[in-house]
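Summary of the model geometry
Each chain, written out:
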Amino acid sequence: MYAILFDIDGTLVSTGGAGQLAFAETFAAEFGVDELSGKVPFAGRSDRAIASDLMRLHGVDPHDENWRRFRAGYLERLPSALKRKSGRVLPGVVALLEELAAAGHPLIGLLTGNIREGADHKLQHYGLAEHFSFGGFGDASPDRNGIAAAALAEAQRVANAEWQESRGLEVCELSGAMVIGDTVHDVTCARSIGAFAVAVPTGGATREELAAAKPDLLLEDLSDARPLLAEIERAMRS
Ligand SMILES: [Mg+2]
C-alpha cells in the first residue's frame, strides 16, 4: 500500500487568511496583543511553532499553560474566521480526491502543521473532510519532520488494520509514500521520511523557490494531476 499525504493550507485550500485572523483575535483576547507582528512566517510551519514565536516576540511566556490557552481560544474563533474570510478550495483538488477515492486508495492522509481540530474545522468548512482517514498534525510535534514521521506511522497503523481485516496478516509493508505541499518545508519533510515530494506554487512559495528545493515533481497546481497519478501507479506496481 502507498500513502498519499496532503498538506492543507496553500495545497488543498486557501482560507483567505482565516487562520491568521483567528491567531490575531486569540492573541488580542487572551494576551492583550493588539497587533500581531508580521515578522513570524506562517507558511509550512506548525501552529505550535508559530504561536511560540509570536508569544516570544510579544513578551508572552510560551509555556504549556499559555499554549493550552492559545489553543482553546484559537479553536473557538477559527470557525467564525473561516466564515468571515472568503477562501476557496484550490484548482483540481476535488477532482483529484474523487479520482483517488474512485481508484480505491485506502491511504489518503494529511500532513499538516495545523492542530488536529483546527485541520478538521478547515476541512469541514470546505467540504473535504470525508476524503481523509488519518494524518500527522501539529499536535504531534512543533517540527515538520516530526509531523511527517507521525503521519507515516499513522499510515502504517491504518495499513496494518486494513490487512488484518482483509487478509488476516499482521503487518502490511508500505510500498512508499508521497507528500504533496506548497512550501520548501513540505519538500524537506518528504525527504526526511523517504517520500516522493510533489510541490505546487499555490500557497506559501513561488515556483522558483520550490524548484530550488528540488521536489520530485513540480506542478502549476493540482488541476493537471496526471504526472502525480502516473507516479502513484508506478509506485504501486513496483
Ligand atoms: Mg501549506
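All of these numbers come straight from a predicted model, not from anything done at the bench.

Definitions and limits used
Residues numbered from 1 in each chain as written. Predicted model: local features only at pLDDT ≥ 70, side-chain atom pairs only at ≥ 80, totals over all residues. Heavy atoms only, no water. Helix = DSSP H or I, 4+ residues; strand = E, 2+ residues; numbered from the N terminus. Rg over C-alpha atoms; globule rule 2.2 N^0.38 Å. Buried < 20%, exposed > 50% of the residue type's maximum accessible area, 1.4 Å probe, protein only. Contact = heavy atoms within 4.5 Å. Areas by Shrake-Rupley, 256 points an atom, 1.4 Å probe, with all protein chains shown as cover. Lys, Arg positive; Asp, Glu negative; His and termini not counted. Charge placed at Lys NZ, Arg CZ, Asp CG, Glu CD. Donors = N, O, S within 2.8 Å, 3.2 Å for Na, K, Ca; no water. Polar contact = N/O pair within 3.5 Å; in protein donor to acceptor, adjacent residues only side chain to side chain. Pairing = 2+ DSSP bridges. Axes fitted to C-alpha atoms, helices over the stretch in contact; angles between N-to-C directions. Domains from an automatic or database assignment. Buried area = accessible area lost by both parts, 1.4 Å probe. Salt bridge = Lys/Arg side-chain N within 4 Å of Asp/Glu carboxyl O.

1. Observations concerning the overall build of the chain
Across its full length, the chain carries nine helices and eight strands. Taken over C-alpha atoms, the radius of gyration comes to 18 Å for the chain, in line with the 18 Å a tight globule of 238 residues would show. Each principal axis of the C-alpha atoms in the chain carries an extent, and together these give about 55 × 40 × 30 Å. Within the chain, the proportion of its 238 residues that are buried is 50%. Of the contacts made within the chain by residues no fewer than 6 positions apart, 66% connect residues no fewer than 24 positions apart. Split by element, the accessible area of the chain, about 10900 Å² in all, is 48% carbon and sulfur. Taking the 23 positively charged and 34 negatively charged side chains of the chain as two groups, their mean positions are separated by 3 Å.

2. Observations regarding the coordination of the magnesium ion
Looking at the magnesium ion, the protein donor atoms are Asp7 (OD), Asp9 (O) and Asp182 (OD), and they sit 2.1 to 2.2 Å from it. Spacing between the donor residues of the magnesium ion along the chain follows D-x1-D-x172-D. Given the relative accessible area of 28%, aspartate 9 is considered partly exposed.

3. Some thoughts on helix α7 (residues 184–192)
The complete set of buried residues in α7 reads Asp186, Val187, Cys189 and Ala190. Residues of α7 that are buried sit in contact with β4 (108–111), α6 (144–167), β6 (176–181) and β7 (196–199). Its side-chain oxygen 3.3 Å from the backbone nitrogen of histidine 185, threonine 183 forms the N-cap of α7. Directly beyond the C-terminal end of α7, a positive phi value near 70° is found at glycine 194.

4. Some thoughts on the sheet that holds strand β5 (residues 134–136)
The six strands are arranged β5-β4-β1-β6-β7-β8 in an open sheet whose pairing can be described as parallel. Every other strand in the sheet has two partners, leaving β5 and β8 (217–218) as the edge strands with one partner each. The strands touched by helix α4 (residues 93–102) are β1 (2–6) and β4; relative to β1, the strand with the most contacts, the crossing angle is about 160°. Running at roughly 170° to β7, α7 makes contact with β4, β6 and β7 of the sheet.

5. Describing the domain arrangement of the chain
Annotation of the chain at the domain level lists domain 1 (2–15 + 88–237) and domain 2 (18–84). Taking the mean C-alpha position of each, domain 1 and domain 2 sit 25 Å from one another. Between domain 1 and domain 2, the residue contacts involve 20 residues of the former and 17 residues of the latter. Each partner contributes to the roughly 1400 Å² buried at the junction of domain 1 and domain 2, and carbon and sulfur atoms together form 61% of this total. One can count two salt bridges joining domain 1 with domain 2. Linking arginine 71 and glutamate 117 is a salt bridge whose minimum nitrogen-to-oxygen distance equals 3.5 Å.

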